[in-house]
Amino acid sequence: MNEKLLQKLSELNICIVSHIFSSGPALDLEEYLKDKVKSLFFIGHPFPYRSDIRNFYRHYNGGKLTEEHNAREWKLPEALFYLKDALYTFIWALSQKTRINLFIGSDNFSAYLGLILKRMGKVEDVVLYTIDYMPTRFKNPIMNFLYHYFDKTCLKECEVIWNVSQKMAEARQKQKNIGGEGWAPQILVPLGIWHERIPKLSFKDKERYRLVFLGHVLEKQGLDIVVDSMPALVKKLSRIKLIILGAGPHESSLKKKAKKLKVKNCVEFKGYIEDHHEVELELAKSSIGIAMYKPDPDSFTYFADPAKLKNYLSAGLPIVLTNVPPIATDLEKEKCAIISRYSKEDFIENISKLLGNTEKLKEYGDNAVHYADKFDWNKVFLKALHQTLLP
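For clarity, every value in this text was computed on a predicted model and none was experimentally measured.

Here is what the cut-offs are and how they apply
- Residues numbered from 1 in each chain as written.
- Predicted model: local features only at pLDDT ≥ 70, side-chain atom pairs only at ≥ 80, totals over all residues.
- Heavy atoms only, no water.
- Helix = DSSP H or I, 4+ residues; strand = E, 2+ residues; numbered from the N terminus.
- Rg over C-alpha atoms; globule rule 2.2 N^0.38 Å.
- Buried < 20%, exposed > 50% of the residue type's maximum accessible area, 1.4 Å probe, protein only.
- Contact = heavy atoms within 4.5 Å.
- Areas by Shrake-Rupley, 256 points an atom, 1.4 Å probe, with all protein chains shown as cover.
- Salt bridge = Lys/Arg side-chain N within 4 Å of Asp/Glu carboxyl O.
- Phe/Tyr/Trp six-rings, centres within 6.5 Å; stacked < 30°, edge-to-face > 60°.
- Pairing = 2+ DSSP bridges.
- Axes fitted to C-alpha atoms, helices over the stretch in contact; angles between N-to-C directions.
- Polar contact = N/O pair within 3.5 Å; in protein donor to acceptor, adjacent residues only side chain to side chain.

Visitor: Would you mind showing me how to read the overall build of the protein here?
Guide: Within the protein one finds 14 helices and 14 strands. The C-alpha radius of gyration of the protein comes to 22 Å, within 12% of the 21 Å expected for a compact globule of 391 residues. Across the 391 residues that make up the protein, the buried fraction comes to 54%. When contacts within the protein are restricted to residue pairs at least 6 apart in sequence, those whose partners lie at least 24 apart make up 71%. Of the roughly 18,300 Å² that the protein leaves accessible, carbon and sulfur atoms contribute 52%.

Visitor: Mind showing me how you'd approach the pattern of salt bridges here?
Guide: Per the counting criterion, the structure on display carries 26 salt bridges. In this structure, glutamate 30 engages arginine 58 in a salt bridge whose closest nitrogen and oxygen atoms are separated by 2.7 Å. Of this pair, glutamate 30 sits in helix 2 (residues 25–33) while arginine 58 sits in strand 3 (residues 56–61), placing them 28 residues apart in sequence. For arginine 58, a relative accessible area of 16% puts it in the buried group. As a salt-bridge pair, lysine 84 and aspartate 85 come within 3.1 Å of each other at their nearest N and O atoms.

Visitor: Got a minute to help me understand the packing of aromatic side chains in this structure?
Guide: Think of a pair of aromatic rings as described by two things: how far the centres are apart, and how the planes are tilted against each other in angle. In the structure shown here, the tally under the stated rule is 15 aromatic pairs. Between phenylalanine 109 and phenylalanine 150, the aromatic rings sit 5.4 Å apart at their centres with planes inclined by 45°, giving tilted as the arrangement. You can see phenylalanine 109 sitting in helix 4 (residues 108–119) and its partner phenylalanine 150 sitting in helix 5 (residues 141–157), a full 41 residues away along the chain. The interplanar angle of 10° and the centroid separation of 4.3 Å between the aromatic rings of tryptophan 377 and phenylalanine 381 together place this pair among those described as stacked. Of the two residues, tryptophan 377 and phenylalanine 381 are both situated in helix 14 (residues 377–389); the distance of four residues between them amounts to about one turn of the helix.

Visitor: Explanation requested: the sheet that holds strand 11 (residues 267–271) in the structure shown.
Guide: Picture the strands of a sheet paired through backbone hydrogen bonds; they go either parallel or antiparallel. With respect to topology, six strands assemble into an open sheet ordered 11-10-9-12-13-14, the strand pairing being parallel. The sheet is open, and its two edges are formed by strand 11 and strand 14 (337–339), each paired on a single side. Taken over all neighbouring pairs, the strand axes of this sheet differ in orientation by 20° on average, direction set aside. Both strand 9 (residues 210–214) and strand 10 (residues 241–245) contribute to a ladder of five bridges, which runs parallel.

Visitor: Could you clarify how one ought to interpret the side chain of serine 18 in this entry?
Guide: Its location among the elements puts serine 18 in strand 1 (residues 13–20). Owing to a relative accessible area of 3%, serine 18 belongs among the buried residues under this scheme. A polar atom in the side chain of serine 18 sits 2.7 Å from the side chain of serine 106. Setting aside residues up to four positions removed in sequence, serine 18 forms contacts with Ala26, Phe42, Ile43, Gly44, His45 and Ser106.

Visitor: Explain the sheet that holds strand 7 (residues 160–163) to me, please; I cannot follow it from the model alone.
Guide: Pairing within the open sheet is mixed, and its eight strands lie in the order 4-3-2-1-5-6-7-8. With one partner strand each, in any of the chains shown, strand 4 (64–70) and strand 8 (186–188) form the two edges of the open sheet. Taking the axes of each pair of neighbouring strands and ignoring which way they run, one obtains an average angle of 20° across the sheet. Where strand 5 (residues 100–105) and strand 6 (residues 123–130) come together, five bridges link them in parallel fashion. Bridging across to strand 6, isoleucine 100 finds its partner in valine 123.

Set out below in C-alpha cells:
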C-alpha cells in the first residue's frame, strides 16, 4: 500500500488552505506532505484574534522550501477579514504555473473556494477537511446560513470529506439529511500527534501530584471547576499542583479566583508557549491531563476531536475529563481516562482516587502511550490519503 501511494503522491501538485491560530492539523499535513509530493503550496490565513494576522504562503518543490511570502497586515471587521482571505486564496492559487491536482481546504469556506477554482479549471479535485462542525456555528443567522450553504455544497461537489469525528457525519445526517448515496463519501480522519517526537518519562521521573491543562483558556474548558476544587485537593494532597499551559480571555478571571481561594501558590499560569518541545516536556513531567469541558449543547466539542487529548495520551498522561468529546467513552473503555461529572465534588473524588492509587495511575499512563500510537500522524495521513487517492 505504501509504495503505490507514495508513487502517486510524488506525481501530484497539492495545495492546502487553512485558517491558522498557532498550530493545527493543516500544519501537520504540510509537514507530512512537503517531502512526498511533486510540489506543495500551503496558504495560511491567520484568525483575526491572532497577534500576527498577516496572510502567508509557503511553496515546496521536491521537498525543499523554494518560496515563502507574508502579505501586509490588514485591520478589518471580521466579515471583511474573511473576504480578504478569499481574495488572497484566488490570487495566490491562480498565480501557480501548474494545475493543482488536489486542493485540501481545512474548513468549508476554504474548500468552497477550491470548488470555484475547480470550475475555473485551475484545480482537479477538492477535499474538505472538517476540523470543527456544529449545527449552530454562528449566532448571526446570515453567517450561520452561509456556513451551512458552503458545507452542503462541499458535500455535493467535493471528492471526499475528511471528518475528525464520526459525530460530524451523524450531525449532518440528522440536521439536514446530508450524507449517504449521492453525496461525497465521508471518512474518519482523527486528529493525531507526532507520537515519536513527544517525550515519555518513566513513572518515577514524573511529578506525582502535578495536574496539567493544555489549551485555549476559555470558560467552556471547565477550568472553573478545577480551580474551585484546589482548596479541597490541597487539604487531601498537600503537594498537588495545577499547571495551565495556554492563554485566553478567561485567564484573568481564573487568576482572580485562585487568589481569592488562596491557592495561587499551587496554580501556575504559564501562558502561551510557542516552542512545542517545551510544551511537550511540560506534559511529560505531569501525572494527569485535565479536560473538564463544560457540558454545553452548542459547543463544537460535542462533535470535535480535541487535540489536547492526543497530546496527553502520547505523553503518558491518564486523563480526567467530562463526557463531552466523542472520544471520551473510548478512552474510558481503554483504561486511559476517567469520565467525571461536571461537578467539583466528582472531580475532587476522581483526582483523589487516581493519585492515591499508584498501580492504577501507572497502568492508565502506560495504556495512554500504547493507545496514542494509533493516532500517530504518519498512520493517520497514510490511511486518509490512501482512501482518498486509491479508493
